[in-house]
Amino acid sequence: GRGTFITYSPHDRSSSRLVGYSTHSFHSEIHNTLLSSVETVLRSAGYHVVFINADNNEDEITILEQLIEDNVCGLLLWPNAKPTQAQKDLLQQYQNLNIPFVFIDRMIEGIVADYVASDNYAGTYAMTNHLIELGHRHIVHLMPNMPSLLPITQRHASYVDELAQHNVPTYDAWMMN
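Presented here is a report on the structure given in the accompanying data block. What you see is a predicted model, and the numbers here were worked out from it, not measured in a lab. (Residues numbered from 1 in each chain as written. Predicted model: local features only at pLDDT ≥ 70, side-chain atom pairs only at ≥ 80, totals over all residues. Heavy atoms only, no water.)

We now examine the sheet that holds strand β1 (residues 18-24). Strand order in the open sheet made by the 5 strands is β2-β1-β3-β4-β5, with parallel pairing throughout. Two strands bound the open sheet, and with one partner strand each, they are β2 (48-54) and β5 (114-116). Neighbour to neighbour, the strand axes of the sheet diverge by 20° on average, direction disregarded. Taken together, the 7 bridges between β1 and β2 define a ladder with parallel strand orientation. From the neighbouring strand, S22 faces β2, where its bridge partner is I52. The strands touched by helix α1 (residues 29-44) within the sheet are β1, β2, β3 (74-77) and β4 (101-104), with β1 carrying the most contacts at an inclination of about 175°. (Pairing = 2+ DSSP bridges. Helix = DSSP H or I, 4+ residues; strand = E, 2+ residues; numbered from the N terminus. Axes fitted to C-alpha atoms, helices over the stretch in contact; angles between N-to-C directions. Contact = heavy atoms within 4.5 Å.)

This model, assessed by the stated rule, comprises 4 aromatic pairs. With 6.1 Å between their ring centres and 20° between their planes, Y121 and Y125 make a pair best called stacked. Within this pair, Y121 and its partner Y125 are both found in helix α4 (residues 120-133), separated by 4 residues, close to a single helical turn. Owing to a relative accessible area of 32%, Y121 belongs among the partly exposed residues under this scheme. On the basis of relative accessibility, which here comes to 27%, the residue Y125 falls in the partly exposed class. By way of ring pairs, the aromatic residues Y94, F101 and F103 are connected into one cluster. Its end group placed over the ring of Y47, R17 keeps NZ or CZ at 3.8 Å from the ring centre. (Phe/Tyr/Trp six-rings, centres within 6.5 Å; stacked < 30°, edge-to-face > 60°. Buried < 20%, exposed > 50% of the residue type's maximum accessible area, 1.4 Å probe, protein only. Lys NZ or Arg CZ within 6 Å of the ring centre and 35° of its normal.)

All told, the structure shown has 2 salt bridges when counted by the stated rule. Two residues, R43 and E39, come together in a salt bridge whose shortest N-O distance is 2.9 Å. In this pair, R43 and E39 are both assigned in helix α1, 4 residues apart and thus about one turn of the helix distant. By relative accessible area, E39 is classed as partly exposed at 28%. Salt-bridge contacts for D105 lead to R106; the nearest nitrogen and oxygen are separated by 3.7 Å. Residue classification places R106 among the buried residues on the basis of a relative accessible area of 8%. (Salt bridge = Lys/Arg side-chain N within 4 Å of Asp/Glu carboxyl O.)

Turning to the packing of helix α2 (residues 57-69) against helix α3 (residues 85-96), a few remarks are in order. Viewed as axis vectors pointing N to C, α2 and α3 meet at an angle of 15°, and their least axial separation amounts to 10 Å. Judged on the interaxial angle alone, α3 and α2 are roughly parallel. For α2 against α3, the interelement crossing comes out left-handed. Every residue of α3 that contacts α2 at N57, E60, I61, L64, E65, L67 and I68 is listed here: A86, Q87, L90, L91, Q93 and Y94. Partitioning the contact of α2 with α3 into residue classes produces 8 nonpolar, 3 polar and 2 charged. (Parallel < 35°, antiparallel > 145°, perpendicular 65-115°, else oblique. Left-handed = near helix turned anticlockwise from the far one by under 90°. Nonpolar A, V, L, I, M, F, W, Y, C, P; charged D, E, K, R; others polar.)

Here it is in structure tokens:
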């Protein structure tokens, strides 16, 4: 009956109405549109959105840790293109805490989660087909220098498939930095 007693009181996430939205390089119109849409839908359902921009992997780690401390009930994550093991470990911690999360635009290898993205294959297929219908026969695929990123591989596969279907020559992709 004497002394200082310390007890652990875990956060009750079931009453939390806070959702984290973390992205990187918030400079494009798509980021603005997605954030605005997400915020509108979640607010109408009684949730609050915390938006955070990560400039690099270390920022993303800090953000993911802070969101757990802030007792988020969910996470929307547009992850860094080259995640570290520390980021993967934190996402595993989210899963262990039963905090649902959704990847935006890209997935992280080894982490099973919901995923929302454009139909990269169909979009590239339609665009390439349009160029062929206009009579173009020398079409090159421009892509960022991240050829293993899922959206990029989907776009390139579509480019190759559509050109092959019309017997149009393919060229090596031009990498952009």
